[in-house]
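If you want the building blocks of each chain, they are given just below.
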Amino acid sequence: MKPVKGLIPFAIWLIRLTIVFFIFTEFLKPLKTFNFTSIRFYASIAFYLFASLLLIGGFMKKPSITVLSGLMLFLASVYEIIIRSSSGILSEIAQFSVIATISFYFFTAGNKK
């Protein structure tokens, strides 16, 4: 059976939407607290901002926003992996490893269809 290449753009948009959904649900609680002294609050803002830019970048012809947001989400995910690895919760590390991998894809591929 051959792959369905015509559905690649749909699959890429599904990946974008899934990342945004995950980040918006994962980082909603730290944003609700408005604890300006917490680094978790600022990390949540960064995740929200760059996930939104990843979604917006999909509508642009130039890949600049997608590449930048992919890089920043990758770096933020690596930061989360490092921070959460001290607590030893493997499921959270696995979640952020997937987000880091997908973000790295958008960093390297941009808006390539």
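Here the residue numbers are simple positions, counted from 1 along each chain's written sequence. Residues qualify for local features only when their pLDDT is at least 70, as the model is predicted, and side-chain atom pairs are given and counted only at 80 or more; totals for whole chains, interfaces and linings, by contrast, use all residues. Heavy atoms from the whole structure form the basis of all side-chain values; hydrogens and water molecules are not counted.

Moving on: the overall build of the chain. Helix and strand counts for the chain come out as five helices and zero strands. Only DSSP runs of H or I reaching four residues or more are called helices, and only runs of E reaching two or more are called strands; each is numbered from the N terminus. Each helix and strand of the chain, ordered N terminal to C terminal, gives the series α-α-α-α-α. Projecting the C-alpha coordinates of the chain onto the three principal axes gives extents of approximately 50 × 30 × 20 Å. The contact criterion used is simple: two residues touch if any of their non-hydrogen atoms lie within 4.5 Å. For the chain, contacts bridging at least 24 residues in sequence account for 64% of all contacts bridging at least 6. Total accessible area on the chain is roughly 7200 Å²; 76% of this is exposed by carbon and sulfur atoms. Areas reported as accessible are Shrake-Rupley estimates using a 1.4 Å probe. Residue values count occlusion only from the protein chains shown.

Buried Ala, Val, Leu, Ile, Met, Phe, Trp, Tyr and Cys residues that are joined via side-chain atoms within 4.5 Å together make up what is termed a nonpolar core. Exposure categories follow from relative accessible area, calculated using a 1.4 Å probe and restricted to protein chains: below 20% of the type maximum is buried, above 50% is exposed, and the middle band is partly exposed. If you look at the biggest cluster of nonpolar residues, it comprises 18 residues, and the most contacted ones within it are Ile-19, Ile-23, Phe-27, Phe-47 and Leu-73. Among the elements of the structure, α1 (8-26), α3 (39-57), α4 (64-85) and α5 (90-109) are those that each provide at least two residues to this core. The element best represented in this core is α3, accounting for six residues. Once residues lying within four places of it in the same chain are set aside, the contact partners of Ile-23 are Phe-47, Tyr-48, Ala-51 and Leu-73.

Turning our attention to a nonpolar patch on the surface. Surface patches are defined over residues having more than 30% relative accessible area and no salt bridge, joining like charges when they lie within 9 Å and nonpolar side chains (Val, Leu, Ile, Met, Phe, Trp, Tyr) when within 5 Å. Criterion for a salt bridge: a side-chain nitrogen of Lys or Arg within 4 Å of a carboxyl oxygen of Asp or Glu. A cluster of nonpolar residues, Val-4, Leu-7, Phe-10 and Leu-14, forms a patch on the protein surface that exposes about 420 Å² of accessible area. With respect to the helices and strands, the residue Leu-14 is situated in helix α1. Classification of Leu-14 by relative accessible area gives partly exposed; the value is 45%.

Moving on: the confidence of the model for the chain. For every residue, the predictor reports its confidence as pLDDT, a number between 0 and 100. Per-residue confidence for the chain gives a mean pLDDT of 89, with 99% of residues at or over 70. Between the elements of the chain, mean pLDDT differs from a low of 78, seen in helix α2 (residues 28-33), to a high of 93, seen in α4.

Another point: the packing of α1 against α5. Inter-axis angles, ranging from 0 to 180 degrees, are taken between N-to-C directions of lines fitted to C-alpha atoms, where helices are fitted over the stretch in contact. It is the contact of α1 with α5, at a shortest axis distance of 11 Å, that shows an interaxial angle of 135 degrees. Judged by the angle between their axes, α1 and α5 are oblique. Between α1 and α5 the crossing geometry is left-handed. Taken together, the residues of α5 that come into contact with α1 (itself represented by Ile-12, Ile-15, Arg-16, Ile-19, Phe-22 and Glu-26) are Gln-95, Phe-96, Ile-99, Ile-102, Tyr-105 and Phe-106. Working definition: roughly parallel below 35 degrees, roughly antiparallel above 145 degrees, roughly perpendicular at 65 to 115 degrees, and oblique for all remaining angles. In this scheme, a crossing is called left-handed if the near helix is turned counterclockwise away from the far one by less than a right angle; it is called right-handed if the turn is clockwise.

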